[in-house]
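# Structural overview for review
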Amino acid sequence: MLKCKINGKEMEVPQGTSIIEAFKLSGQDIAHYCWHPGLSVAGVCRLCMVEIEGQPKLQIACNTMVQDGMVINNNSETVKDVVRWGLDFHLINHPLDCPICDQAGECGLQDQYMQFGKYDPEMAERKVKKRKVVDLGPTVVLDSERCILCSRCVRFTDEVSKTHELGIFNRGDRSEIGTFKDRPLDNKYSLNTVDICPVGALTSKDFRFRQRVWYLKTAESICPGCSTGCNVNVYYNEEGLWRVRPRHNPEVNGHWMCDEGRDTYKYVNRKARLLEAKMGHRDNWTLESPGAAAKAAGQKLREVIEAHGPESVALVLTGQYTTEELETAVQKFKGDLGSSLVYHWVNNPESFEDFDGILLRGDKNPNTKGLLKILEQEGVSLTWKDLESRVQQGQIKTVVVAGPENQSVFPDFVEKVNLLAGVENVVWLTACPHSVLDSREKATWQIPLKTYIEKAGSFINHQGKTQSFEVGTVIVSSALTLAEAATLLVGQELEVSSGDRLAELTRKKNFFTETRGAL
Amino acid sequence: MSIVKKPKAISNWYLPGILSGMGFTFKKLIKNLFNPKGMPTLNYPEEHYQYGPRFKGNHVLTVKKDGSLRCTACMLCATNCPADCIKIVASEHEDPTVEKYPISYEIDMLRCVFCGYCEEACPVDAIRMGPEWQTPALNGGNFTYDIQHLAYRPNLKGGIQSRLDDEERHKAGI
Ligand code: SF4
Ligand code: SF4
Ligand code: SF4
Ligand code: SF4
Ligand code: FES
């Protein structure tokens, strides 16, 4: 351990720590653009200047290692002056049109120039005009004028995605970021460049101009996109979710996440959701509240069991639910209904074990490990073949399916629904509607469930790491969790949750009136 | 109870008071009949009071030289609005130098408190408080003003020019 003093605060840091990391450890602010903890050091923005006692010139904190006994500060007048003029260089050609810029509100440059009062650059010369709204690829848009050439995005494509699409072209004040001919920025991690871009030069096509960031609230969650279980922050307002961004967790995803995971917010929003339960069959549906529909379906379940015995009812589970929900569902089903027919629906067995070397895994369920654990714990070891043969022999009269939340990663969705076409009653618990369910000929109950952001629980990722998360926001308030649905299906009543929880939810819903317009 | 009742004998002598009051009224009536210009009141609605130029009335969205909206859909006005009555939907403009513009801009006038904070927040002089204040409507009248009304209502005669134009800004190399 090395002893050092940062802005007068005694610190001990491990060997090989750079000064900027020591600053971060000590919790003190330091201006920086090009340094990113997940990338190599470039040292191009010259903003992280610090004064080291005994050294005549200022040094950049990102590329200087802490040595024993160093006394460092970044709050002397010299440092402030240097940063101020460094900023001025950054602003020479920067348009400073924050009102239009989508980064405003979370922009490093905006924060810094506001802090240092550099509202107008001091250059008399005209600004160099560069390309605006450049289409870099299917996901990202570039505004060269706003780019401060920190090279984070280039380093990302070189070091993390290893796809090398981006580069800095031209020289001097004509330098700009670009892609090579016929090589657009098109990889599975491209949107990370948008996150790490400290200014509004790279913006996501999906999120650009849709919302102002200061209108959005953040909640921590776990990405349900695959079994890696990246830690994420979701950004939402009262209309729903708007974007998903990675949250740093060195053990799971580091600083990154994939583009696929960022799309998972789409099926959560009201537009894509099943808002009311549907009971009936093709061309003859009645709408019902989820709770009432679940009770009605439960009534039917018990009638079927009385007539044909418990082995005529089967439960199909997917690894898309929290461990707690799955446990309740299996226990209720086995304990209260007495049927031991519980099956695991594996969506893509061929590519289940795939891994792209960075984050993406072939198992597109966040909680396959959790499901397997619960099945083992409850002593269930039936194969899908068994269900198929039982259905074909007509032994099964009713199937309860905890369908996938994210239907797009279940290529065999239609196939599985068709497999159950001959089953007399199907209770399909699902967050989103699907046309193939609507065209079922036999009796069907479609009961809306809550999505990952609307419930608390935990996922077990591919490493066997349990990651729990809390309720972020509520989008379809009447929808049930799988545990609630299972409770109603076996004919029990739901426990009314405590008042605190309710107060918290209503408070969250009303955040707009509380925070906006506060003067 | 703090109602003071005067002795009855005094309140019986109300007639002189009434008469002197009536005298004052008739004096004014005759004076006004012969000299209507001296009246301190207005004959509303034939006559209108002229408010100062800084009066905060119904909003106007300004336009650029080519007649398109000046607003860049930055939503600073909506953020600043204490009544939360401005709703903007932004979109990508086909001209990359304009970049962003509102495809819908609505102000709910019944919630607006005419504080003018939106005007103050706007970085590009795109919204101003105009001089109009009489905008009555019958039952079911529409008080959610949209772009068509805010920028191009007939009495604006094709729109009010913004002081800041993108074109000039780009020419000046800013
Ligand atoms: S990049 Fe930052 S400083 Fe530049 S215009 Fe956008 S918000 Fe403003
Ligand atoms: S586009 Fe953004 S991340 Fe890339 S060099 Fe420019 S400012 Fe840095
Ligand atoms: S005048 Fe005040 S209340 Fe009315 S729209 Fe503007 S900011 Fe909102
Ligand atoms: S009126 Fe002005 S402040 Fe409001 S969105 Fe338009 S440009 Fe921004
Ligand atoms: S962060 Fe150190 S030079 Fe950019």
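Residues numbered from 1 in each chain as written. Chains lettered and ligands numbered in written order. Predicted model: local features only at pLDDT ≥ 70, side-chain atom pairs only at ≥ 80, totals over all residues. Heavy atoms only, no water.

## Remarks on the site of ligand 2
Rules: If a single non-hydrogen atom of a residue is within 4 Å of a molecule or strand, that residue counts as near it. Throughout this entry, Asp, Glu, Lys and Arg are counted as charged residues, while Ala, Val, Leu, Ile, Met, Phe, Trp, Tyr, Cys and Pro are counted as nonpolar. The remaining residues, Gly among them, count as polar.
Neighbouring ligand 2 are 13 residues; A:Cys147, A:Cys150, A:Ser151, A:Cys153 and A:Cys197 lie closest to it. Tallied by class, residues from the shell around ligand 2 come to 11 nonpolar, one polar and one charged.

## Some words on a nonpolar patch on the surface
Residue and element names in this part refer to chain B. Heads up, the condition is: A patch is a set of surface residues, each over 30% in relative accessible area and not in a salt bridge, joined within 9 Å for like charges and within 5 Å for the nonpolar side chains Val, Leu, Ile, Met, Phe, Trp and Tyr. Where accessible areas are quoted, they stem from the Shrake-Rupley method and a 1.4 Å probe; at the residue level, only the protein chains shown are allowed to cover. Here, a salt bridge means any Lys or Arg side-chain nitrogen found within 4 Å of an Asp or Glu carboxyl oxygen. By the criteria applied, helices consist of DSSP H or I runs no shorter than four residues and strands consist of E runs no shorter than two, each listed in order from the N terminus. Only protein chains enter the accessibility calculation, which uses a 1.4 Å probe; a residue is then buried when its area is under 20% of its type maximum, exposed when over 50%, and partly exposed in between.
On the surface, Tyr14, Leu15, Ile18, Leu19, Met22, Phe26, Leu29, Ile30, Leu33 and Phe34 cluster together to form a nonpolar patch covering roughly 1100 Å² of accessible area. Within the secondary structure, isoleucine 18 is located in helix 2 (residues 15-34). Of the residues examined, isoleucine 18 reaches a relative accessible area of 46% and is grouped as partly exposed.

## A word on the sheet that holds strand 7 (residues 140-142) of chain A
To keep it simple, the criterion reads: Any two strands are treated as partners once DSSP identifies two or more bridges connecting them.
Spatially, 6-7-10 (chain A) is the arrangement adopted by the three strands of the open sheet, whose pairing is antiparallel. Bordering the open sheet on either side are strand 6 (134-135) and strand 10 (202-204) of chain A, each of which pairs with just one other strand.

## A word on the side chain of A:Asp259
Residue and element names in this part refer to chain A. Short version of the rule: Positive charges come from Lys and Arg alone, negative charges from Asp and Glu alone, with His and the N- and C-terminal ends not counted. Any pair of N or O atoms that falls within 3.5 Å is considered a polar contact. Within protein, one atom must be able to donate a hydrogen and the other to accept it, and sequence-neighbouring residues count only if both atoms are side-chain atoms. Should any heavy atoms of two residues lie within 4.5 Å, those residues are considered in contact.
Position of aspartate 259 relative to the elements: it lies in helix 6 (residues 259-262). Buried charged residue aspartate 259 carries no salt bridge. Nearest counter-charge: arginine 262, at 4.0 Å. Within the structure, aspartate 259 has its side chain in polar contact with the backbone nitrogen of leucine 191 (distance 3.0 Å). Residue contacts for aspartate 259: discarding those within four places in its chain leaves Thr139, Asn187, Lys188, Tyr189, Ser190 and Leu191.

## Structural notes on the packing of aromatic side chains
Operational definition: Centre distance within 6.5 Å is the pairing criterion for rings of Phe, Tyr and Trp, where only the six-membered ring of Trp is used; planes under 30 degrees apart are then read as stacked, over 60 as edge-to-face, and the remainder as tilted.
All told, the structure shown has 13 aromatic pairs over all chains when counted by the stated rule. A centroid spacing of 5.1 Å and a plane angle of 90° characterise the contact between A:Trp345 and A:Phe410, whose relative ring orientation is edge-to-face. Taken as a pair, A:Trp345 in the loop between strand 17 (342-344) and helix 9 (368-377) and A:Phe410 in the loop between strand 18 (398-402) and helix 11 (413-419) lie far apart in primary sequence, 65 residues in all. Given a relative accessible area of 3%, A:Phe410 falls into the buried group. Centre to centre, the rings of B:Tyr49 and B:Tyr51 are 4.9 Å apart; their planes meet at 75°, and the pair counts as edge-to-face. What links up through ring pairs into an aromatic cluster is the set A:Trp345, A:Trp384, A:Phe410, A:Phe413 and A:Trp428.

## Things to note about empty space enclosed by the protein
Residue and element names in this part refer to chain B. Our working definition: Points on a 1 Å grid over protein atoms alone make up a cavity when a 1.4 Å probe fits among them but cannot get out, and a pocket when they form an open set with protein on both sides within 12 Å along at least five of seven lines; lining residues each have an atom within 4 Å of a point. Grid points are joined across faces, edges and corners, and a volume is the space filled by probe spheres set on the points.
If you walk through the whole model with that rule in mind, you get seven cavities of 30 Å³ or more. Approximately 80 Å³ is the volume found for the largest cavity. Lining the largest cavity we find 14 residues, and of these Cys71, Cys74, Cys77, Cys122 and Ala126 sit closest to its centre.

## Quick look at the nonpolar core
All names here are of chain A. Going by this rule: We define the nonpolar core as a collection of buried residues of types Ala, Val, Leu, Ile, Met, Phe, Trp, Tyr and Cys that are connected through side-chain atoms lying within 4.5 Å of one another.
In this structure, Leu317, Val342, Val400, Val427, Leu429, Ile447 and Leu482 are the most contacted members of the largest nonpolar core, which totals 36 residues. Broken down by element, this core gets its largest block of residues, six residues, from helix 7 (residues 290-308). The residues touching leucine 429, leaving out its near neighbours within four places in the chain, are Tyr321, Val400, Val401, Ala402, Gly403, Ile447, Leu449, Leu482, Ala485 and Leu489. Core analysis: the next-biggest nonpolar cluster, separate from the first, contains 34 residues, Leu91, Cys147, Leu166 and Ala201 among them.

## Points about the sheet that holds strand 2 (residues 86-92) of chain B
Residue and element names in this part refer to chain B. Pairing is antiparallel in the open sheet, where three strands are placed in the order 2-3-5. Two strands lie at the open edges of the sheet, namely strand 2 and strand 5 (144-145), each paired on one side alone. Alignment of strand 2 against strand 3 (residues 100-108), held across seven bridges, turns out to be antiparallel. Residue pairing across strands places serine 91 opposite tyrosine 101, the latter belonging to strand 3.

## Here we look at the interface of chain B and chain A
Let me state the cut-off plainly: Summed over both partners, the accessible surface that disappears when two parts come together, traced with a 1.4 Å probe, is what is meant by buried area.
Across the boundary between the two partners, chain B contributes 25 residues, which contact 20 residues of chain A. Buried surface at the junction of chain B and chain A, both sides included, amounts to about 2000 Å², of which 54% is carbon and sulfur. Together, B:Glu92, B:Glu99 and B:Lys100 form the three largest contributors to the area buried by chain B at its contact with chain A, with a combined 27%. Among the ionic pairs, A:Arg208 bridges to B:Glu99, the shortest N-O distance being 3.5 Å. Between the two partners, chain B and chain A, sit six residue pairs in polar contact (both at pLDDT 80 or more). Of all the secondary structure elements, the ones that give two or more residues to the side of chain B that touches chain A are helix 3 (76-80), strand 2 and helix 6 (166-171) of chain B. Looking at the side of chain B that touches chain A, the element that brings in the most residues is helix 3 of chain B, giving four residues. Per-class residue counts for the side of chain B that touches chain A are 13 nonpolar, seven polar and five charged.

## Notes on the confidence of the model for chain B
Just so we agree on the cut-off: Each residue carries a pLDDT score, the predictor's own confidence in it, on a scale running from 0 to 100.
Residues of chain B with pLDDT of at least 70 account for 90%, and the chain-wide mean is 88. Under the prediction, the complex receives an ipTM of 0.82, its pTM being 0.87.

## Some details on the site of ligand 1
Ligand 1 sits among 13 residues. The nearest are A:His94, A:Cys98, A:Cys101, A:Cys107 and A:Gly200. Broken down by class, the residue content of the shell around ligand 1 amounts to eight nonpolar, three polar and two charged.

## Some remarks on the side chain of A:Asn348
Residues and elements named next belong to chain A. Tracing the backbone through its elements, the reader meets asparagine 348 in the loop between strand 17 and helix 9. Residue classification places asparagine 348 among the buried positions, given a relative accessible area of 9%. A polar contact is formed between the side chain of asparagine 348 and the backbone oxygen of glycine 362, at a distance of 3.0 Å. Sequence-distant contacts of asparagine 348, defined by excluding residues within four places in its chain, comprise Gly362 and Lys364.

## Concerning the domain arrangement of chain A
Under the convention used in this document: Those domain boundaries reflect an automatic or database domain assignment.
Along its sequence, chain A is carved into domain 1 (2-90), domain 2 (126-270) and domain 3 (273-505). A C-alpha centroid distance of 53 Å is found between domain 1 of chain A and domain 3 of chain A.

## With respect to helix 9 of chain A
Residues and elements named next belong to chain A. We count it as follows: Relevant arc is that of directions from the helix axis to the C-beta atoms, nothing else.
Those residues of helix 9 not exposed but buried are Thr368, Gly370, Leu371, Ile374 and Leu375. Projected down its long axis, helix 9 shows its buried positions confined to an angular sector of 160°, all on one face. If you follow the buried residues of helix 9, they end up packed against strand 16 (313-317), helix 8 (323-337), strand 17 and strand 21 (457-460). Looking one or two residues beyond helix 9, the residue adopting positive phi is glycine 379, at roughly 70°.

## Side note on the environment of A:Ile374
Residues and elements named next belong to chain A. Structurally, the position occupied by isoleucine 374 is in helix 9. Isoleucine 374 gets classed as buried once you look at its relative accessible area, which sits at 1%. Along the primary structure isoleucine 374 and cysteine 107 are separated by 267 residues, whereas in three dimensions their C-alpha atoms are 45 Å apart. Excluding anything up to four places from it in sequence, isoleucine 374 contacts Thr323, Leu326, Glu327 and Val330.

## Remarks on unusual backbone geometry
Here B:Tyr44 and B:Pro45 are connected by a cis peptide whose omega angle stands at 5°. Inspection of the secondary structure puts B:Pro45 in the loop between helix 2 and strand 1 (59-61). We note that A:Asn7 has phi near 45°; this positive angle belongs to a residue other than glycine. Along the chain, the position of A:Asn7 falls in the loop between strand 1 (2-6) and strand 2 (9-13).

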